[in-house]
Amino acid sequence: MKNSPFKNGKPLFILLCVVLTKLAGTDGISSHTGKPLFLTPYIENGDIETGRTLSRVGQLPNATSSVTSYSGFITVNKEYNSNTFFWFFPAMNNNISAPIILWLEGGPGTSSLFGMFVINGPYMMHSDMTVGLRNHTWAKEFSVLYVDNPVGAGFSFTDNENGYATGQDQIANDLYTFLQQFFKVYNEYSKNDFYVCGESYGGQYVSHLGYKLYNDGLPAEINFKGICVGNGYYNVRQFISQKEELLYQLGVVDLKQAASMKKIYDDMTNYLDKGEPYLAEKEFEKYFDVLITYSGYDFFYNILFTEDPKEFSYYVDYVRTEKVKKAIHVGHRKYRDSSNAVKHHLKLDLVVSTSTAQIASLANNYKVLIYNGQFDLVCPYVSAERFLLNNVTWKHSDEYRNTERKIWRLKDKNDVAGYVRNYGNLFGILVKNAGHMAPYDQPEAALDLITRFIKNIPYA
């Protein structure tokens, strides 16, 4: 067989892979789904080319077109058998030197396949379970790496409770380990410019991983250039502060209800100041419980809608089908589009972690893009604007604070795409007519946004 892993006379290595696969929990494997592909043993054995060849994604069912891609698992912690799933799309324009974007979803616990199928990936799902190509995908000119993060989200998994992350340092360490191995398998991309991007609670992952790359020193395999966060969550105070005033001004709550929410926020911050995060987390949950009661909204990601768009969930049933699981090399592994286990382990992290210092350090040394959709009620633009102006202290804080915000228009169009404040490495951008998932709401504008950022093209 041309691609047989038995070539080069390595039967013992194959036996090792089988044993590791058994340890990874492959009981109940169906011949229809195949076996999960673990790349770490191939890296350690020096048989990288075989692992890479095996990682090529097969034909996706019901897909109108095929896009070259690679997927599999990389082991990030052997002690706990923690394995991270990825799906990598080299740039569709075949530019081998194209910058690479790592995309991380938030939640915590949301699979990054949501980002791939719904936000900015090359594929998009239709209601009839057919797969088409997205017109404004970020993968046209950039290589995009979607990672189910942290361990426990999506197809990523661990066999030990201790494998679940309870804070940002552990998540950053796992991602760091993942990236070092990833660029050994796909080493021709290791010199390409590399950006860490994500949205929502993924803003924590992005900023902490970026800071680790900066603080620990860049591995030879990673040419880190900057971060990009959409509608990000950076700390709980920034996340909720004055939100009730915005909701009141938008008519979502009345004055009495806004005052009630402000009281909950004050109680939460008082608990945090007294070092009682468990009680603070209870108030955090209470804040959103009463908001749901007051507003009737089940969906806070765009003020124009009260329920999730149906197309947000089309992909979930699709990736759980046997043919898709076989094509992307996950075998029998379960798929969790939103992991309760991850959420549980990061409950306290929601109220105690912060990315303020990390973003400041990154802005001092790398490019930083913070963008927000205009209509988001979860991580609104005004919160991000105050955060950048008042909390992120970096070497050009005064200049950034005093620079004029400019109008950003799409190329060759008169339409206003949004507004940009920029000085040096730091960009704060409002995306017009968009919600929490700005690239979903405004795909053309979002593609223009990321393209200008990476290629250093002025917005105005």
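Right, let's walk through the structure included here.

Parameters and conventions
Residues numbered from 1 in each chain as written. Predicted model: local features only at pLDDT ≥ 70, side-chain atom pairs only at ≥ 80, totals over all residues. Heavy atoms only, no water. Pairing = 2+ DSSP bridges. Helix = DSSP H or I, 4+ residues; strand = E, 2+ residues; numbered from the N terminus. Buried < 20%, exposed > 50% of the residue type's maximum accessible area, 1.4 Å probe, protein only. Contact = heavy atoms within 4.5 Å. Polar contact = N/O pair within 3.5 Å; in protein donor to acceptor, adjacent residues only side chain to side chain. Salt bridge = Lys/Arg side-chain N within 4 Å of Asp/Glu carboxyl O. Core = buried A, V, L, I, M, F, W, Y, C linked by side-chain atoms within 4.5 Å.

## Here's the deal with the pairing of strand 11 (residues 416-423)
Link 1 in the chain: In this sheet, strand 11 lies alongside strand 10 (residues 406-409) in antiparallel orientation, the contact comprising 4 bridges. Within strand 11, the residue paired with Arg-409 across the bridge is Val-416.
Link 2 in the chain: Linking strand 10 to strand 11, which pair antiparallel, is a turn of 6 residues; within it Asp-412 sits at a positive phi near 65°.
Link 3 in the chain: For strand 11 and strand 12 (residues 426-431), the ladder comprises 6 bridges, and the chain directions are antiparallel. Note that in strand 12 the partner of Asn-422 across the bridge is Phe-427.
Link 4 in the chain: Hairpin connection from strand 11 to strand 12: 2 residues lie between these consecutive antiparallel strands, with Gly-424 at a positive phi of about 60°.

## Considering the environment of Arg-405
Link 1 in the chain: Along the chain, Arg-405 falls in the loop between helix 17 (397-402) and strand 10.
Link 2 in the chain: Look at Arg-405 and you get partly exposed, because its relative accessible area is 37%.
Link 3 in the chain: Placed 192 residues apart in sequence, Arg-405 and Leu-213 show a C-alpha to C-alpha distance of 30 Å.
Link 4 in the chain: If near-sequence neighbours (up to four positions away) are discounted, Arg-405 is found in contact with Tyr-381, Tyr-419, Val-420 and Arg-421.
Link 5 in the chain: At 3.1 Å, the side chain of Arg-405 and the side chain of Tyr-381 are in polar contact.

## Side note on the pattern of salt bridges
Any two side chains of opposite charge can pair, given that their charged atoms come close.
Link 1 in the chain: Per the stated rule, a full pass over the model turns up 14 salt bridges.
Link 2 in the chain: Between Lys-262 and Asp-266 there is a salt bridge; the shortest N-O distance is 2.9 Å. On the criterion of helical spacing, the pair formed by Lys-262 and Asp-266 is a turn pair, its members being 4 residues apart in helix 9 (residues 255-273).
Link 3 in the chain: On the basis of relative accessible area, Lys-262 is assigned to the partly exposed category, the value being 34%.
Link 4 in the chain: Note that Asp-337 is salt-bridged to Arg-320, the shortest N-O span being 3.5 Å. With a gap of 17 residues between them, Asp-337 in the loop between helix 12 (322-327) and helix 13 (340-345) and Arg-320 in the loop between helix 11 (314-319) and helix 12 connect regions that are remote in the sequence.
Link 5 in the chain: Judged by relative accessible area, which is 28%, Asp-337 ranks as partly exposed.
Link 6 in the chain: Residue classification places Arg-320 among the partly exposed residues on the basis of a relative accessible area of 39%.

## Re the nonpolar core
Link 1 in the chain: Within the largest apolar cluster, 83 residues are counted, with the highest numbers of intra-cluster contacts made by Phe-86, Phe-194, Val-196 and Phe-284.
Link 2 in the chain: The element that contributes the greatest number of residues to this core is helix 5 (residues 168-185), accounting for 8 residues.
Link 3 in the chain: Not counting residues up to four positions away in its chain, the partners in contact with Phe-86 are Leu-39, Tyr-70, Ser-71, Gly-72, Phe-73, Ile-74, Leu-145, Tyr-146, Val-147, Phe-178, Phe-182 and Tyr-186.

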